[in-house]
Amino acid sequence: GDTFVRANSLTSLGAPSDGGVAWVTYGPATWGINGNQAYIVSVTGAGDNVAIRLSGSATIDHTIDLLYRSGSNIGAVVRAQSDTYCVEVSPPTTPGTGWTVYSKVAGGYTLEATLVGPSVVDGTTYTTRVTVSGSTLTAYVGGVSIGTCTITQSTNAGSTGVGMRQDSGSSTTRFGNQVWV
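This section reports on the structure supplied with the text. (Residues numbered from 1 in each chain as written. Predicted model: local features only at pLDDT ≥ 70, side-chain atom pairs only at ≥ 80, totals over all residues. Heavy atoms only, no water.)

1. Let's talk about the overall build of the protein
So the rule is basically this: Here a strand is any run of E in DSSP of at least two residues, a helix any run of H or I of at least four, and the numbering for each starts at the N terminus. Our radius of gyration looks at C-alpha atoms and nothing else; its globule reference is 2.2 Å times the residue count to the power 0.38. A 1.4 Å probe rolled over the protein chains alone gives each residue an accessible area, and that area as a share of the maximum for its type sets the label: buried under 20%, exposed over 50%, partly exposed in between. Every residue pair with non-hydrogen atoms within 4.5 Å of one another is taken to be in contact.
Looking only at helices and strands, the protein has zero helices and 14 strands in total. Listing each helix as α and each strand as β along the protein from the N terminus yields β-β-β-β-β-β-β-β-β-β-β-β-β-β. Its C-alpha atoms give the protein a radius of gyration of 15 Å, near enough to 16 Å, the size a compact globule of 181 residues would have. Dimensions along the principal axes, computed over C-alpha positions, put the protein at roughly 40 × 35 × 30 Å. Looking at the 181 residues of the protein, the share that counts as buried comes to 46%. Long-range pairs, those at least 24 residues apart, make up 59% of the contacts in the protein with a sequence separation of at least 6.

In structure tokens, the structure reads:
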């Protein structure tokens, strides 16, 4: 995992706190560290911005703290190869709508499920856990299961990357402590 406890940076995510594999970033954004949290410093175009690390196992148990900002399209990423091949679990961009699970293959999205989770509040951090075993994904928010779904896209089945994603939304969105086993 990575706690992001290190010096602030406007240019990179730096070396992971566990000393493991470095972060790989995709998309038009520059990622950085501020106050022991990851964030997008700047964006030079439209698109999905993803930062991933290899977990080493296709059976995934990934937890991330997501600081939600109104209108931001953020989420946890599992089974990732890049920004165009991954599975994304995201809080609603509009309060009152469901948390979503999308498979992304060659840049195209397939909605796998809409899960009933807590309504989101601007400025609130949500501890989001995603487990994947075989084609079964289960999502948790605040330690409570919000649902299980079957990932129908098999292209990403052997991918071991985990991480975070954000479209070119609020620069005040933050990503905190990440743990995976």
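Moving on, there is more to tell.
2. Topic: the sheet that holds strand S4 (residues 49–54)
As a reminder, the rule being used: Any two strands are treated as partners once DSSP identifies two or more bridges connecting them. Angular values range over 0 to 180 degrees, each being the angle between N-to-C directions of two axes fitted as lines to C-alpha atoms, with helices fitted over their stretch in contact.
With respect to topology, seven strands assemble into an open sheet ordered S1-S4-S13-S6-S7-S8-S9, the strand pairing being antiparallel. The sheet is open, and its two edges are formed by strand S1 (24–26) and strand S9 (108–115), each paired on a single side. Sheet twist, expressed as the mean angle between neighbouring strand axes with direction ignored, is 25 degrees. Across seven bridges, strand S8 (residues 99–105) lies against S9 in antiparallel orientation.

3. Some words on the nonpolar core
The following threshold applies: What is meant by a nonpolar core is a set of buried Ala, Val, Leu, Ile, Met, Phe, Trp, Tyr and Cys residues, joined one to another through side-chain atoms within 4.5 Å.
Formed by 36 residues in total, the largest nonpolar core has its most connected members in Leu13, Trp31, Val78, Leu137, Met164 and Phe175. Ile52, Val77, Ala80 and Cys86 belong to the second largest nonpolar core, which has five residues in total.

4. Describing the pairing of strand S7 (residues 86–90)
Of all five residues that make up S7, five are buried, and the element is covered over most of its length. Residues Cys86, Glu88 and Ser90 line one face of S7 and the alternating positions Val87 and Val89 line the opposite face, and both faces are buried. As paired elements, strand S6 (residues 74–80) and S7 share three bridges and run antiparallel to each other. Of the residues in S7, the one forming a bridge with Val77 is Glu88. If you look at the hairpin formed by S6 and S7, you'll find five residues sitting between the two strands. As paired elements, S7 and S8 share five bridges and run antiparallel to each other. Bridging from a neighbouring strand, Ser90 pairs with Thr100 of S8.

5. Remarks on the side chain of Asn49
Put simply, the rule reads: Think of a polar contact as two N or O atoms within 3.5 Å of one another; within protein, one of them needs to be a possible hydrogen donor and the other a possible acceptor, and neighboring residues in sequence only count if both atoms come from side chains.
Looking at where Asn49 falls in the secondary structure, it is placed in strand S4. Side-chain polar atoms of Asn49 contact the backbone nitrogen of Ala29, separated by 3.0 Å.

6. Focus on the environment of Arg69
When you line up the elements, Arg69 lands in the loop between strand S5 (60–67) and S6. On the basis of relative accessible area, Arg69 is assigned to the partly exposed category, the value being 25%. Residues Arg69 and Ser55, spaced 14 residues apart in sequence, show a C-alpha to C-alpha distance of 27 Å.

7. Things to note about the pattern of salt bridges
How we decide: The rule for a salt bridge is simple: a side-chain nitrogen of Lys or Arg has to be within 4 Å of a carboxyl oxygen of Asp or Glu.
In the structure shown here, the tally under the stated rule is five salt bridges. Put simply, Asp18 and Arg53 hold a salt bridge, and the shortest N to O gap is 2.9 Å. Placement of the pair is Asp18 in the segment before S1 and Arg53 in strand S4, with a sequence separation of 35 residues. By relative accessible area, which is 41% here, Asp18 ends up partly exposed.

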